[in-house]
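Listed below are the residues making up each chain.
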Amino acid sequence: MSNLTKKQKIRRIVETALMLALSTILSELAVVKFPFGGSVTIFSQVPMVVISYRYGVKWGIFSGLAMGVIQTLFGLGNFAYVSGIVAYLILLLADYIIAFGSLGLGGMFRNVIKNQPVSIALGGAVVSVIRFLCHFISGVTIWGDYTNGAKGVWLYSLEYNGGYMLPELIITVIGCAVLGAVFDLKSPDLKILKSKK
């Protein structure tokens, strides 16, 4: 950020704060909420992917980690379901800090794939898979007691976390692709892309 003007720095910080707020609000307006955390939302991951795409992965990870802290505060009640320092750490890192911090990788294809809708949508898909893997690991390591012996812990974690992360992945990819097709996300002013005839 050292090469930026004061106006550009302020704009980036304000835009990131607004996107964090939007992502948080959208995450609370869940379509489906799962009993031990996790939900299907309408585009709650998209603002974080957009920030990463606009300002780079380094800034995106910083923003994603901020989102992880916010989500931890909203999910403090889930800490009552586990016990022991190791379980608390796995819950904190796998279900919140790393899971949401990974959303900051959403811009990883910005300079690799020239087609903007494809580039940002693929970034959205990859971060959704990474987030799923974080929740899956958490499910296997600390949520196994909730299987009630009905099925293996691996299958339980796959079904539980896949139940909300697969729809999240699809919704995120659609949202990112649409925004990438409509707006020039590399433009400071988010200009509308002109259609090529």
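Before reading further, recall that the structure is shown in the block above.
Here's what I pulled together on the structure shown here. (Residues numbered from 1 in each chain as written. Predicted model: local features only at pLDDT ≥ 70, side-chain atom pairs only at ≥ 80, totals over all residues. Heavy atoms only, no water.)

1. Observations concerning the packing of aromatic side chains
Ring pairs (aromatic) are described by centroid distance and by the angle formed between their planes.
Part 1 of the argument: In the structure shown here, the tally under the stated rule is 9 aromatic pairs.
Part 2 of the argument: On the numbers, 5.2 Å between centres and 85° between planes, the contact of phenylalanine 34 with tyrosine 160 is edge-to-face. Of the two residues, phenylalanine 34 is situated in the loop between strand E1 (32-33) and strand E2 (39-40) and tyrosine 160 in helix H6 (residues 153-182); the sequence distance between them amounts to 126 residues.
Part 3 of the argument: What makes tyrosine 160 buried here is its relative accessible area of 14%.
Part 4 of the argument: Their ring planes at 50° and their centres at 5.2 Å tell us that tryptophan 59 and phenylalanine 62 sit as a pair that is tilted. Separated by 3 residues within a single helix, tryptophan 59 and phenylalanine 62 lie in helix H3 (residues 57-74), roughly one turn from each other.
Part 5 of the argument: Here the aromatic residues Phe34, Tyr156, Tyr160 and Tyr164 are joined through ring pairs into a cluster of three or more.
Part 6 of the argument: Between arginine 12 and the ring centre of tryptophan 59, over which it is positioned, the NZ or CZ distance is 5.3 Å.
Part 7 of the argument: Its end group placed over the ring of tyrosine 53, arginine 110 keeps NZ or CZ at 5.9 Å from the ring centre. (Phe/Tyr/Trp six-rings, centres within 6.5 Å; stacked < 30°, edge-to-face > 60°. Helix = DSSP H or I, 4+ residues; strand = E, 2+ residues; numbered from the N terminus. Buried < 20%, exposed > 50% of the residue type's maximum accessible area, 1.4 Å probe, protein only. Lys NZ or Arg CZ within 6 Å of the ring centre and 35° of its normal.)

2. Observations regarding the side chain of histidine 135
Part 1 of the argument: For histidine 135, the position within the fold is in helix H5 (residues 116-142).
Part 2 of the argument: Separated by 2.8 Å, the side chains of histidine 135 and aspartate 95 make a polar contact.
Part 3 of the argument: The contact partners of histidine 135, leaving out residues within four places of it in the chain, are Ala94, Asp95, Ala99, Ser157, Asn161, Tyr164 and Met165. (Polar contact = N/O pair within 3.5 Å; in protein donor to acceptor, adjacent residues only side chain to side chain. Contact = heavy atoms within 4.5 Å.)

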